[in-house]
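# Chains, contacts and geometry: an overview
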Amino acid sequence: MSGTSPLRQEIVIMPPEIRDVGSEVQLLFAVDGLTEKSLWFTVEREFAGFIANRLDAALVALLPAAMYLKRDIYLKGDVSEDLMFNVNHYVVPLLVAAMPGVGRVRATAANQVSASSHNVGHGVFTGLSCGIDSFATVHDYLLSDTVPDGLQITHFLFNEVGGHGSSRQQRTKELFEVRLEASKTVAALLGRPLIRVTSNVDFFYSNPFRQTHTLRNAAVAHALAGGARHFLYSSSYPYSSIHPEPFPTSAKIDPILLPLLSTTGLTCHSAGAGYSRLEKMAIVSKIATAAEHLDVCTRGHPNCGSCFKCARTIFSLELLGQLDRFSGLFSIEAYRKAEAGYLAHVRSAEYSHPVLGELRRASEQSSRVLNAKDHIRIGLARILRRVIGRWRFAGSWRLHEAYRRLTNFSASE
Ligand SMILES: [Zn+2]
């Protein structure tokens, strides 16, 4: 059933150790069979009571690492029985279908346990990146009148699990601290505590963060399952784009994957997949806190105005007639220089594109008048996209490069 050779080394993860590290408390699992000798998560002392004393977090964090190496996992301690069941029956096959480069593995444990009062919290936790998806979750699960009491956000998370760049780089640590301060300000405005979580989970991966981001962040929720009853993970894609097929980001399977990472004590939700990108943008554009603190940039902090996420946000806000409210958050001058290229990037995308298709339709229906240069650039971009999509050959990087020179954006963004 496991499909792995009995001669292949099994990955062994030891029971959790909880120890003091300065002003923080660390949850640590010794690991045998992977590149690092231990996996750890660290939180400030005031949240130490949330730490869950079982192996669930390690299983969720390291499952893809095992699957890249095609090695089984043995958990030498207590693991939630429903998580183990779901991992072996559903999560592994789902990741095989959707995550390029992984193989089937099997997880076994010394002791499978049911939810206990020790590990069942009452909190509703969600990340606070201050991006569009994050603010849409804040709207639905905190600001909206319709959210049930049991699902109202009680705590925000701010995680260092590789999402700010490689955890080995000093620049990543600096960017994390800068963004942390910004998120703390927003959390205070929203009246909820923010939990700072750092981890070395990124050290186990050489693949891009976006392939495994869902599991890395869900692992943090499991690490704090002593305080969390619900974990809301803001989705990037609408339901119409959800397909378990090989794709560079696990976001495409979030609404399928997250419920499978739940236990009796912790329910994991994909939040926001009911909205299209423009619908989300329209919701967020009405939030006063977002108009002062929206942070979408892929390059750093504050928003550069010209990376693909900044350009997409400004382009969308302009379509919605809401850019004035947000213009102080972006370098609009940088955007105006990138605008013609981004217009071609949007208008050359297929209507079926999960994000750009909707923007293309809205842009074509807007009153925007195109000049001759715009038409030529859009026409060339469409030809390049078509050739890139149909023919994959050794020299196709030249086509990607030509597309980038024409639009200043990547054909795959
Ligand atoms: Zn940017």
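Residues numbered from 1 in each chain as written. Predicted model: local features only at pLDDT ≥ 70, side-chain atom pairs only at ≥ 80, totals over all residues.

A few words on the overall build of the chain. When helices and strands are tallied, the chain shows 14 helices and eleven strands. In terms of overall dimensions, the chain is globule-like: its C-alpha atoms have a radius of gyration of 22 Å, near the 22 Å expected for 413 residues. Counting only C-alpha atoms and orienting by the principal axes, one finds that the chain spans roughly 70 × 50 × 40 Å. A burial count over the chain gives 46% of its 413 residues as buried. Within the chain, contacts between residues separated by at least 24 positions form 71% of all contacts whose residues are at least 6 apart in sequence. (Helix = DSSP H or I, 4+ residues; strand = E, 2+ residues; numbered from the N terminus. Rg over C-alpha atoms; globule rule 2.2 N^0.38 Å. Buried ≥ 20, exposed ≤ 12 C-beta atoms within 10 Å, placed from the backbone. Contact = placed C-beta atoms within 7 Å.)

Moving on to the pairing of strand E7 (residues 123–127). Counted residue by residue, E7 has five buried out of five residues, so it is predominantly covered. Where burial is concerned, the two faces of E7 agree: the one with Gly123, Phe125 and Gly127 and the one with Val124 and Thr126 are both buried. Sheet analysis places E7 next to strand E10 (residues 228–234), joined by four bridges and oriented parallel. Note that in E10 the partner of Phe125 across the bridge is Phe231. Bridge count between E7 and strand E8 (residues 155–160): three bridges; the pairing is parallel. Each residue of the ladder has a partner; that of Phe125, found in E8, is His155. Remark: the E7/helix H3 (residues 132–143)/E8 crossover connection has right-handed handedness. (Pairing = 2+ DSSP bridges. Right-handed = clockwise from strand over helix to strand, strands pointing away.)

This part takes up helix H11 (residues 332–347). Along H11, the helix axis deviates most sharply at Glu339, where the bend reaches about 50 degrees. Of all the residues in H11, the buried ones are Tyr335, Ala338, Tyr342, Leu343, Ala344, His345, Val346 and Arg347. (Bend = angle between axes of the 7 residues up to and from the residue.)

Moving on, we get to the domain arrangement of the chain. For the chain, the assigned domains read domain 1 (11–115), domain 2 (119–271) and domain 3 (296–407). Distance from the C-alpha centre of domain 1 to the C-alpha centre of domain 3: 40 Å. (Domains from an automatic or database assignment.)

Attention now moves to the pairing of strand E5 (residues 73–80). In the sheet, strand E1 (residues 11–13) pairs with E5 via three bridges, with the strands oriented parallel. Of the residues in E5, the one forming a bridge with Val12 is Tyr74. Note: E5 against strand E6 (residues 107–113), six bridges, orientation parallel. Considered in E6, the bridge of Ile73 is made with Ala107. A crossover connection joins E5 to the parallel E6 through helix H2 (residues 81–98); in handedness this β-α-β unit is right-handed.

Residues Leu59, Leu62, Ala218, Ala221 and Leu224 are the most contacted members of the largest nonpolar core, which totals 113 residues. For this core, the element with the highest residue contribution is helix H1 (residues 56–69), accounting for eleven residues. Leave out the neighbours within four places in its chain, and Leu62 touches Ile13, Leu34, Leu39 and Phe204. (Core = buried A, V, L, I, M, F, W, Y, C linked by C-beta atoms within 7 Å.)

Structurally, the position occupied by His222 is in helix H5 (residues 213–223). Using a count of 29 C-beta atoms within 10 Å as the deciding quantity, one classes His222 as buried. Separated by 39 residues in sequence, His222 and Leu261 have C-alpha atoms that sit 9.1 Å apart. The contact partners of His222, leaving out residues within four places of it in the chain, are Ala52, Asp56, Ala57, Val60 and Leu266.

Attention now goes to the environment of Glu358. Its location among the elements puts Glu358 in helix H12 (residues 356–365). Glu358 sits in the buried class, given 21 other C-beta atoms within 10 Å. A sequence separation of 81 residues divides Glu358 from Arg277, and the C-alpha atoms of the two residues are 7.9 Å apart. For Glu358, the residues in contact, after removing those within four places along its chain, are Ser276, Arg277 and Leu278.

In this section: unusual backbone geometry. Residue Pro302 follows His301 across a cis peptide bond; omega there is 0 degrees. At Lys70, a residue that is not glycine, the phi angle is positive and equals roughly 55 degrees. When you line up the elements, Lys70 lands in the loop between H1 and E5. Located in the positive-phi region is Asn408, a residue other than glycine, with phi close to 75 degrees. Inspection of the secondary structure assignment puts Asn408 in the segment after helix H14 (396–407).

For the chain, per-residue confidence averages 93 on the pLDDT scale, and 96% of positions sit at 70 or higher. Counting interchain partners and residues more than four positions distant, the pLDDT-below-50 stretch residues 1–6 has ten contacts. (pLDDT = per-residue confidence, 0-100.)

All right, on to the environment of Asp374 then. Positionally, Asp374 belongs in helix H13 (residues 372–390). Along the sequence, Asp374 and Arg210 sit 164 residues apart, while their C-alpha atoms lie 32 Å from each other. What Asp374 contacts, discounting residues up to four positions off in sequence, is Ala340 and Leu343.

What follows is about helix H7 (residues 277–284). Every buried residue of H7 is accounted for by Arg277, Lys280, Met281, Ile283 and Val284. The arc that holds the buried residues of H7, viewed along the axis, is 160 degrees, so those residues lie on one side. The elements touched by buried residues of H7 are H3, helix H8 (288–293), helix H9 (308–319) and H12. (Arc of directions from axis to C-beta.)

Relative placement of two packed helices is described by the angle separating their axes and the distance separating the axes. Running from amino to carboxyl end, H1 crosses H2 at an angle of 30 degrees, the nearest separation of the two axes being 12 Å. Considering their axes alone, H1 and H2 lie roughly parallel with respect to each other. Once H1 is placed against H2, the crossing between them reads as right-handed. Residue-level contacts link Asp56, Leu59, Leu63, Pro64 and Met67 of H1 to Leu83, Val87, Val91 and Leu95 of H2. Tallied by class, the residues present in the contact of H1 with H2 amount to eight nonpolar, no polar and one charged. (Axes fitted to C-alpha atoms, helices over the stretch in contact; angles between N-to-C directions. Parallel < 35°, antiparallel > 145°, perpendicular 65-115°, else oblique. Left-handed = near helix turned anticlockwise from the far one by under 90°. Nonpolar A, V, L, I, M, F, W, Y, C, P; charged D, E, K, R; others polar.)

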